[in-house]
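# Architecture and fold: a report
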Amino acid sequence: MPLVLIRHTCVDVPAGVCYGQREVPLAASFDAEAAEVWSQLPWPPDIVWTSPSERCRKLAERLGGEVRVDDRLRELHFGEWEGRSWESFRGPESEAWALDPWGQRPPGGESGEELWKRVGQVRAELEAAGSAGHVAVVTHAGVIRAWRAQAEGRAWAELLAEPIGFGSVHLLG
């Protein structure tokens, strides 16, 4: 099934702040960025699956087609670290997580393995549904990394350092 993964556009958050699942405002450049995303699509989407985060929903609605919101498409949950600068929580917990993001959780958050499992559930459901026309998924960098790793048969860790730009479009299938 041809599918396109799209990361939400830029957010209005200071550099260096961990925001994960936290609701944050979109940058003032949203309209121009949404038009750029649209211009990169290989086809108009019939169905747009999206994270419930406003930064994703707003772009999904702009792309047209039937919009379906799925909580499993949320970004990795960083728990108590969300809304804080990465520098503000440097210490043993963050170092342990940085060494093993697959198995460790930020305080009150989720592990990479948990993200991987929920992304896998969504992928399996979409594949089982078969061809539903042109499908787009508007989501977050962490979800896109997990989805691509699964689709490409790669280890999640291989994609952790790969940049997933705001408004980037990734064609699969």
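Residues numbered from 1 in each chain as written. Predicted model: local features only at pLDDT ≥ 70, side-chain atom pairs only at ≥ 80, totals over all residues. Heavy atoms only, no water.

## Quick look at the nonpolar core
Operational definition: Among the buried residues, those of types Ala, Val, Leu, Ile, Met, Phe, Trp, Tyr and Cys that are joined through side-chain atoms within 4.5 Å form a nonpolar core. The classification of residues rests on relative accessible area computed with a 1.4 Å probe and restricted to protein chains. Under 20% of the type maximum is buried, over 50% is exposed, and intermediate values are partly exposed. A run of H or I in DSSP counts as a helix once it spans at least four residues, and a run of E counts as a strand once it spans at least two, with each numbered from the N terminus. The contact rule is simple, with two residues in contact once any of their heavy atoms fall within 4.5 Å.
Counting residues in hydrophobic clusters, the biggest one holds 25 residues, and the most contacted among them are Leu3, Val137 and Trp147. Secondary-structure elements contributing two or more residues to this core are β1 (3-7), β3 (47-50), α4 (112-129), β6 (135-139) and α5 (141-152). Sort the elements by how many residues they give to this core and α5 lands first, with five residues. Excluding residues within four positions of it along the chain, Leu3 makes contact with Trp43, Leu126, Val135, Val137, Trp147, His170, Leu171 and Leu172. In terms of nonpolar packing, the next biggest core, distinct from the first, is built from 15 residues, Val4, Leu26, Trp43 and Ala136 among them.

## Things to note about the pairing of strand β4 (residues 66-69)
The following threshold applies: Between any two strands, at least two bridges found by DSSP are needed for them to pair. A crossover counts as right-handed when, viewed with the strands pointing away from the observer, the path leading from the first strand over the helix to the second turns clockwise.
Two elements, β3 and β4, share four bridges in a ladder whose sense is parallel. Note that in β4 the partner of Thr50 across the bridge is Val69. Handedness of the crossover is the feature at issue here: the chain leaves β3, passes through helix α2 (residues 54-63), returns alongside β4, and the resulting connection is right-handed.

## So, the side chain of Glu75
As a reminder of what qualifies: In this count, Lys and Arg are taken as positive residues and Asp and Glu as negative ones, while His and the chain termini are left out. Salt bridges are counted wherever a side-chain nitrogen of Lys or Arg sits within 4 Å of a carboxyl oxygen of Asp or Glu.
Here Glu75 shows up in the loop between β4 and β5 (84-85). Buried Glu75, no salt bridge; nearest opposite-charge side chain is Arg7, N-O distance 5.7 Å. Once residues lying within four places of it in the same chain are set aside, the contact partners of Glu75 are Gly20, Gln21, Arg55, Glu110, Arg118, His140, Ala141, Gly142 and Val143.

## Thoughts on the pattern of salt bridges
Summed over the entire model, instances satisfying the criterion amount to 15 salt bridges. Residues Arg105 and Glu114 are paired through a salt bridge, measuring 2.8 Å at the closest nitrogen-oxygen approach. The shortest N-O distance in the salt bridge between Arg154 and Glu162 comes to 3.9 Å. The exposure class of Arg154 is partly exposed, given its relative accessible area of 26%.

## Notes on the environment of Ile47
On the secondary structure map, Ile47 appears in strand β3. Separated by 87 residues in the primary sequence, Ile47 and His134 have C-alpha atoms spaced 6.6 Å apart.

## Considerations on the layout of surface pockets
Operational definition: Lining residues are defined by having an atom within 4 Å of a point belonging to a cavity or pocket. Those points lie on a 1 Å grid over the protein atoms alone, cavities being sets where a 1.4 Å probe fits but cannot get out and pockets being open sets with protein on both sides within 12 Å along at least five of seven lines. Grid points are joined across faces, edges and corners, and a volume is the space filled by probe spheres set on the points. Classification convention: Asp, Glu, Lys, Arg as charged; Ala, Val, Leu, Ile, Met, Phe, Trp, Tyr, Cys, Pro as nonpolar; all other residues, Gly among them, as polar.
Its boundaries defined by the atoms lining it, the largest pocket holds a volume of some 710 Å³. The wall of the largest pocket is formed by 26 residues, among which Glu75, Phe78, Trp86, Ala141 and Arg145 lie closest to the centre. In terms of residues, the lining of the largest pocket owes the most to one element, α5, which gives three residues. Taken together, the residues of the lining of the largest pocket sort by class into 17 nonpolar, five polar and four charged.

## Side note on the sheet that holds β1
Rules: Axes, fitted as lines to C-alpha atoms, cover a helix only where it is in contact. Angles between the N-to-C directions of the axes lie from 0 to 180 degrees.
Ordered in space as β4-β3-β6-β1-β7, the five strands form an open sheet in which the pairing is mixed. Both edges of this open sheet fall to β4 and β7 (169-172), since each of them pairs with a single strand only. Sheet twist, expressed as the mean angle between neighbouring strand axes with direction ignored, is 20°. Relative to β7, β1 runs antiparallel, the two sharing four bridges. Across the sheet, Val4 pairs through a bridge with Leu171, a residue of β7.

## Quick notes on the packing of aromatic side chains
Quick note on the threshold: Ring pairs shown here join Phe, Tyr and Trp side chains whose ring centres sit within 6.5 Å, with only the six-membered ring taken for Trp; geometry is labelled stacked below 30 degrees between planes, edge-to-face above 60, and tilted in between.
As enumerated under the stated definition, the model contains eight aromatic pairs in all. With a centroid separation of 5.6 Å and 75° between ring planes, the pair formed by Phe78 and Trp97 is classed as edge-to-face. Here Phe78, found in the loop between β4 and β5, pairs with Trp97, found in helix α3 (residues 92-99); they are 19 residues apart in sequence, far enough to count as distant. What makes Trp97 buried here is its relative accessible area of 15%. Taken together, a centroid distance of 4.5 Å and an interplanar angle of 5° make the contact between Trp81 and Phe89 stacked. Judged by its relative accessible area of 2%, Trp81 is buried.

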